[in-house]
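# Survey of secondary and tertiary structure
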Amino acid sequence: MRSPFVAGNWKLNGSRSSVSSLASEIASAPASNVEVVICPVSLHLSEVAQAIAGSSVKLGAQNACAAEAGAYTGEVSSTMLAEYGCEFVIVGHSERRTLFGETDSQCAERHAAVQRAGLTSIFCIGESLQERESDQTFSVVERQLNALIDVSGDQAFENTVVAYEPVWAIGTGKTASPEQAQAVHAHIRQYIAGHNADAADAVQILYGGSVNAGNAADLFANADIDGGLIGGAALKSKDFLAICDAASRSQDS
Ligand code: PGA
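Figured I'd write up the structure that's included with this text.

Of note, E102 is situated in the loop between α4 (94-99) and α5 (104-116). Among the polar contacts listed, one links the side chain of E102 to the side chain of R96, at a separation of 2.9 Å. Contact partners of E102, with chain neighbours within four places excluded, come to N63, R96, R97, C107 and R110.

Another point: the site of the ligand. The full set close to the ligand counts 13 residues, and K11, H93, E165, G171 and S210 are the nearest of them. In the environment of the ligand, an oxygen atom lies 2.7 Å from a nitrogen or oxygen atom belonging to the side chain of K11. Contact between the ligand and G171: an oxygen atom at 2.6 Å from a main-chain N or O atom of the residue. Against a free-state accessible area of 280 Å², the protein chains account for coverage of 95% of the ligand. Here the shell around the ligand is built from residues that sort into 4 nonpolar, 7 polar and 2 charged.

Sheet topology note: the strand β2 (residues 35-39)/strand β3 (residues 58-61) ladder contains 2 bridges and is parallel. Within β3, the residue paired with I38 across the bridge is L59. Note that the unit made of β2, helix α2 (residues 45-52) and β3 has a crossover that is right-handed. Here 3 bridges tie β3 to strand β4 (residues 86-91), and the two strands are oriented parallel to one another.

Take L45: it is sitting in helix α2. With 16 residues separating them in the primary sequence, L45 and A61 have C-alpha atoms 7.8 Å apart. Apart from residues lying up to four places away in sequence, L45 is in contact with P40, L59, G60, L81, Y84 and C86.

Among all positions of α2, only L45, E47, V48 and I52 are buried. Along the axis of α2, the buried positions cluster into a sector of 160°, meaning they face one direction only. Positive backbone phi, approximately 85°, marks G54, located one or two places after α2.

So, about unusual backbone geometry. Positioned with a positive phi, N33 is a non-glycine residue whose angle comes to about 60°. Considering the arrangement of structural elements, one finds N33 in the loop between α1 (16-28) and β2. Residue N33 is classed as exposed on the basis of its relative accessible area of 51%.

Attention shifts here to the pattern of salt bridges. If you walk through the whole model with that rule in mind, you get 12 salt bridges. Here R110 and E75 are joined by a salt bridge, their closest N and O atoms 2.8 Å apart. Here R110 is found in helix α5, whereas its partner E75 is found in the loop between β3 and α3 (78-83), with 35 residues between them in sequence. Its salt-bridge partner being R189, residue D224 comes within 2.6 Å of it at the nearest N-O pair. Separated by 35 residues along the polypeptide, D224 in the loop between α10 (216-220) and β8 (227-230) and R189 in helix α8 (residues 178-193) bring together distant segments of the chain. On the basis of relative accessible area, R189 is assigned to the buried category, the value being 9%. Among the charged side chains, a network of salt bridges with common partners joins R2, R189, D224 and D226.

Each value, and the rule that gives it
Residues numbered from 1 in each chain as written. Predicted model: local features only at pLDDT ≥ 70, side-chain atom pairs only at ≥ 80, totals over all residues. Heavy atoms only, no water. Helix = DSSP H or I, 4+ residues; strand = E, 2+ residues; numbered from the N terminus. Polar contact = N/O pair within 3.5 Å; in protein donor to acceptor, adjacent residues only side chain to side chain. Contact = heavy atoms within 4.5 Å. Near = heavy atom within 4 Å. Areas by Shrake-Rupley, 256 points an atom, 1.4 Å probe, with all protein chains shown as cover. Nonpolar A, V, L, I, M, F, W, Y, C, P; charged D, E, K, R; others polar. Pairing = 2+ DSSP bridges. Right-handed = clockwise from strand over helix to strand, strands pointing away. Buried < 20%, exposed > 50% of the residue type's maximum accessible area, 1.4 Å probe, protein only. Arc of directions from axis to C-beta. Salt bridge = Lys/Arg side-chain N within 4 Å of Asp/Glu carboxyl O.

Here it is as structure tokens:
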């Protein structure tokens, strides 16, 4: 049985004091039986680590360098993130792929570095609107998953949470319907099963893209949707906690 999982991607938001308050509010009332992870910018990791100390909420980062150390100005490594209490790292987010030009193989190298450091990668995949409209959704997610298999082989899905985030649904208010999301999630799980059946059973697959307190329960009710990667709605504790609650209830039903 896969436990429900909800991660908040705070992106480039917050100040030292506002992230502390937000993290404290989330840590004071986490839903039971849900893995809850919050991912501030790296600069705020210490503040957030302090605010969630002693709670069940875990800490994640928004990216990590493929290299351990060296001449990589502006990057942070997974080993450094682990020192700050991070257990998770978002890898291959569509904003990294589109705005910063990270390729499938670069994302896969970053993913492998996260795994090597003993952290869990929240690996993001998903199609653009144009790709969906030209019926390429399945082939795009397969290509993105293949990059992981090429780099990490049998280990590709160890310490991994997959996040399916259709690019057209991120920050747009246009959520994939529960049926659309479930169809892609089922395909992802089936595709992973073709590589490693045990990994396919165990891997949590999150949906991301305009999840909010109103649509979370319908999404999480689907067999292959194990939780969510939440952007905008993760910046308000009330909304984020309501989403965590929906994930918790999805397991009971
Ligand atoms: P959103 O962002 O919930 O604001 O659509 C999701 C994400 O980018 O991970």
